[in-house]
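Structural overview for review
Residue-level listing of the chains:
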Amino acid sequence: MLTPKERLKMIMEGKTADRPACICPGGMMNMVTADLMREADVYLPEAHTDARKMAELAKAVYERDCFENYGVPFCMTVEAESMGAGIDMGSDIYEPHVVRYVTDSVSRFSALSPIDVSKGRARVVLDAIRILKEETEDVPIVGNLTGPISTAGSLMEPVIFYKELRKKNREAHAYMEFITEQLIRFGRAQIDAGADVIAISDPSGTGEILGPKYFKEFVVMYINKLLDGLQAEKMGTIVHICGQMSPVYREVDELHSSVLSFDSVVPMKEAREHLKERVLMGNVSTYVLEFGSPERVGSLTKSCVKNGSDIISPACGLGMKSPLVNIQAVLSSLKEA
Amino acid sequence: MSVKEELLKRLSDGVVNMEEDDVAEAAQEYLEAGYPAFDGIMKGLIDGMNRAGQLYEEEEYFVTDVLLCSDAMYAGLDVLRPCLPDEEDKAKRKGVIGVVEGDTHDIGKNLVKIMMETAGFDMIDLGRDVPLQKFVDTAREEGAELICMSTLMTTTMGGMETVIHLLEENGLRDKVKVMIGGGPISQRYADKIGADGYSQNAVEAVKLAKRLLDIA
């Protein structure tokens, strides 16, 4: 019997394992629900700012048979906050989100602070990873990063940002360079602290928003720069992109990650056809996870496997009110099969 | 082609080609030549924006393209609108639009607002992370016939259902049509919470709004 870590490692390396892995990385791909918080007796928003609580909540995800990984943090605002953005920490049902930007233009990126990993919530995330590393084994620890474009769009008004990619192209690249350097620093520190896998979610950098040309010029370029900037000592990397892939399959295939993950608008079968050689992750509908039945979740899980997914995961962050039995049905149906 | 037609074409093409400055300039020349502002808006700017919407539907244009086209359209509107006779603006149907509480992703909402305005609706934009009661209060105060809500996150979509309940409690449900959209939203979800309609993108949203309000 493989341990969850051995299984995920084999799959990430493109080898065949006994069955698909079942993970939910964390970060944008939130795996914490109201039911789980009650069972663990650890609650958001407190666990966003306390390393021990963050680690305990991450542990509960595995211990309650939801997913076969640990993952931190549970939001996508740590990077922006560390660079100076104002954050509302949310509640037990709402995720933290940005309420104050740092700059009004890509040309004023000197307003951004470099990420200091020894302070603030970056430090909390690293401490949580250290706790998980020390107190657990056999289960992969996933460290999460907000992707370059999504971080960029959290530091200034995204509409202006998107326009300036074109109108101030040279300055936009300089802005993205700076942000990517900060993300590399945070990602490297996560691996140093004990993260086995780095998952990057870049929901604001979609092919539908940018079109293929700008997707390649900004999304592929800076995610690859980030991936290439991480040290080799890790099990692998995951990149999650939102939205339709049909305009950008060719560009997506250029990403240097071990694994590609998509949301539920992308039919797994279609992704498999376009990305034959890639390790794919996904994409059980979070709608069904929240509002469906365990049986329906089980049959969706099986169809993901059949259609070519190597690592089964929710297609997006889980809704807070998703019942625990539905979440558990993903893993249990994989074990049955 | 007459001078008027040439200027109208320049306005329309300028919007499609995202040339903000040239559109403003063309609008100025158009007024100075003594042509009516209304035609300049409808047959120039709005025509261009509709063409951009068409290109978006055909996946020739993407969201960033449409945003830049709309900048060009608004640059032209800033010049032409002050010269509209007063009555032209009155008959507009009103809608309230916003991103529901807990979520700040507003690109899709902005796009819907742009296309709705292009189609002649008067849209009251509440922005993002909008407290749910505010949709209801604004609709009542402004006499709006439509509420358009969006969210990109599964964690916040429940707020849409709450707004529908609030409309019921406030006795407004039969006076206002509710349209929803966004990443995790589907027709199934709209049916489940009792919304009047769902649309997948901004162009569809306009068609849906017209259908719901019986506008030809």
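Per chain, residue numbering runs from 1 following the sequence as it is written. Chain labels run from A onward and ligand labels from 1 onward, assigned in the order the entries are written. A pLDDT threshold of at least 70 governs which residues receive local features in this predicted model, and a stricter bar of 80 or more applies before side-chain atom pairs are shown or counted, although totals over entire chains, interfaces and linings include all residues.

Once that is clear, we can look at the overall build of chain A. From N to C terminus, chain A includes 14 helices and 10 strands. Computed over C-alpha atoms, the radius of gyration of chain A comes to 19 Å, within 12% of the 20 Å expected from 2.2 N^0.38 for 337 residues, which places it in the range of a compact globule. The C-alpha extent of chain A, read off along each of the three principal axes, is 55 × 45 × 40 Å. Looking at the 337 residues of chain A, the share that counts as buried comes to 55%. Once C-beta atoms have been placed from the backbone, residue pairs whose C-beta atoms lie within 7 Å are recorded as contacts. Within chain A, contacts between residues separated by at least 24 positions form 73% of all contacts whose residues are at least 6 apart in sequence. Only DSSP runs of H or I with at least four residues qualify as helices, and only runs of E with at least two residues qualify as strands; both kinds are numbered from the N terminus onward. Throughout, the radius of gyration refers to the C-alpha atoms, and the reference size of a globule is 2.2 Å times the residue count to the power 0.38. Buried, partly exposed and exposed are defined by the number of other C-beta atoms within 10 Å of a residue's own C-beta, namely 20 or more, between the two limits, and 12 or fewer respectively, with C-beta atoms placed from the backbone.

Residues and elements named next belong to chain B. Taken in spatial order, the five strands of this open sheet run 2-1-3-4-5, and their pairing is parallel. In this open sheet, the two strands that pair with only one neighbour each are strand 2 (122-125) and strand 5 (197-198). Sheet topology places strand 1 (residues 94-99) next to strand 3 (residues 146-150); five bridges connect them, and they run parallel. Within strand 3, the residue paired with Val 99 across the bridge is Ser 150. Axes, fitted as lines to C-alpha atoms, cover a helix only where it is in contact. Angles between the N-to-C directions of the axes lie from 0 to 180 degrees. Across the face of the sheet, helix 5 (residues 107-118) comes into contact with strand 1, strand 2, strand 3 and strand 4 (177-181) while running at roughly 165° to strand 1. Two strands make a pair as long as DSSP finds a minimum of two bridges between them.

Contacts between the two partners involve 20 residues from chain B, matched on the other side by 27 residues from chain A. Broken down by secondary-structure element, the contributors of at least two residues to the side of chain B that touches chain A are helix 4 (63-80) and helix 5 of chain B. Ranked by the residues each element gives to the side of chain B that touches chain A, the list is headed by helix 4 of chain B, at five residues. Counted by class, the side of chain B that touches chain A contains eight nonpolar, 10 polar and two charged residues. Each residue receives one of three labels: charged for Asp, Glu, Lys and Arg, nonpolar for Ala, Val, Leu, Ile, Met, Phe, Trp, Tyr, Cys and Pro, and polar for the others, Gly being one of them.

In this section: helix 7 (residues 158-167) of chain A. Residues Pro 158, Phe 161, Tyr 162 and Leu 165 of chain A constitute the buried set of helix 7 of chain A. End-on view of helix 7 of chain A: buried residues confined to an arc of 100°, all on one side of the axis. Residues of helix 7 of chain A that are buried sit in contact with helix 6 (148-155), helix 8 (169-193) and helix 9 (207-229) of chain A together with helix 4 and helix 5 of chain B. Taking the helix axis as origin, the arc is that swept by the directions to the C-beta atoms.

Once that is clear, we can look at the nonpolar core. The tendency in soluble globular proteins is for nonpolar side chains to be buried as a group. By size, the foremost hydrophobic cluster in this structure holds 184 residues, and its most contacted members are Ala 128 of chain A together with Val 15, Cys 69, Met 115, Phe 135 and Ile 147 of chain B. At 11 residues, helix 4 of chain B tops the list of elements feeding residues into this core. What fixes the domain bounds is an automatic or database domain assignment. Per-domain counts for this core show at least three residues from each of domain 1 (3-86) and domain 2 (92-212) of chain B. In contact with Ala 128 of chain A, not counting residues within four places along its chain, are Ala 51, Met 54, Ala 55, Ala 58 and Val 72 of chain A. A set of buried residues qualifies as a nonpolar core if it consists of Ala, Val, Leu, Ile, Met, Phe, Trp, Tyr and Cys joined through C-beta atoms within 7 Å.

Take unusual backbone geometry next. Residues and elements named next belong to chain A. The omega angle of the peptide bond from Leu 44 to Pro 45 is 5°, so this bond is cis rather than trans. By secondary structure assignment, the location of Pro 45 is in the loop between helix 2 (34-40) and helix 3 (51-63). In this structure, the amide linkage connecting Val 72 to the following residue, Pro 73, adopts the cis form with an omega of -10°. Relative to the assigned elements, Pro 73 resides in the loop between strand 2 (70-72) and helix 4 (78-82).

A separate point is helix 5 (residues 120-135) of chain A. All names here are of chain A. Here helix 5 is 16 residues long and its end C-alpha atoms lie 23 Å apart, about the 22 Å a rise of 1.5 Å per residue gives. Considered for burial, the residues of helix 5 that qualify are Arg 121, Ala 122, Val 124, Val 125, Leu 126, Ala 128, Ile 129, Ile 131 and Leu 132. Against helix 3, strand 2, helix 4, strand 5 (141-146) and helix 8 lie the buried residues of helix 5. To estimate the expected span of a helix, count its residues, drop one, and scale the result by 1.5 Å.

Turning to the environment of Ala 47 of chain A, a few remarks are in order. Residues and elements named next belong to chain A. Of note, Ala 47 is situated in the loop between helix 2 and helix 3. Assessed through the 24 C-beta atoms surrounding it within 10 Å, Ala 47 is described here as buried. Setting aside anything within four residues of it in sequence, one finds Ala 47 in contact with Val 42, Lys 53, Met 54, Leu 57 and Phe 74.

Residue and element names in this part refer to chain A. In spatial order, the strands read 1-10-9-8-7-6-5-2; together these eight strands make up an open sheet with parallel pairing. Sheet topology places strand 1 (21-22) and strand 2 at the edges, where each strand pairs with a single neighbour. Pairing of strand 5 with strand 6 (residues 197-201), which is carried by five bridges, proceeds in the parallel orientation. Within strand 6, the residue paired with Gly 143 across the bridge is Ile 198.

We now examine the domain arrangement of chain B. Residue and element names in this part refer to chain B. Here chain B is described as being made up of domain 1 (3-86) and domain 2 (92-212). Of note, the centres of domain 1 and domain 2, computed from C-alpha atoms alone, are 27 Å apart. Between domain 1 and domain 2, the residue contacts involve nine residues of the former and six residues of the latter. Elements with a contribution of two residues or more to the side of domain 1 that touches domain 2: helix 3 (37-57) and helix 4. Sort the elements by how many residues they give to the side of domain 1 that touches domain 2 and helix 3 lands first, with six residues. Here the residues of the side of domain 1 that touches domain 2 are counted per class, giving five nonpolar, three polar and one charged.

So, on to the environment of Asp 71 of chain B. By the secondary structure assignment, Asp 71 of chain B is in helix 4. Taking the C-alpha atoms as reference points, Asp 71 of chain B and Glu 19 of chain B, 52 residues apart in sequence, are found 8.7 Å from one another.

Our next topic: the packing of helix 2 (residues 20-32) of chain B against helix 4 of chain B. Residue and element names in this part refer to chain B. Direction vectors running N to C along helix 2 and helix 4 enclose 25°, while the axes themselves pass 8 Å from each other. Regarding the angle of helix 2 to helix 4, the classification is roughly parallel. In the crossing of helix 2 with helix 4, the sense of the turn from one axis to the other is right-handed. Of helix 4, the residues touching helix 2 (which contributes Glu 20, Val 23, Ala 24, Ala 27, Gln 28 and Leu 31) are Asp 71, Ala 72, Ala 75, Gly 76, Val 79 and Leu 80. Here the residues of the contact of helix 2 with helix 4 sort into eight nonpolar, two polar and two charged. Roughly parallel here means an angle under 35 degrees, roughly antiparallel means over 145, roughly perpendicular means 65 to 115, and every remaining angle is called oblique. By definition, any crossing whose near helix is turned counterclockwise from its far helix by less than a right angle is left-handed, and any crossing with a clockwise turn is right-handed.

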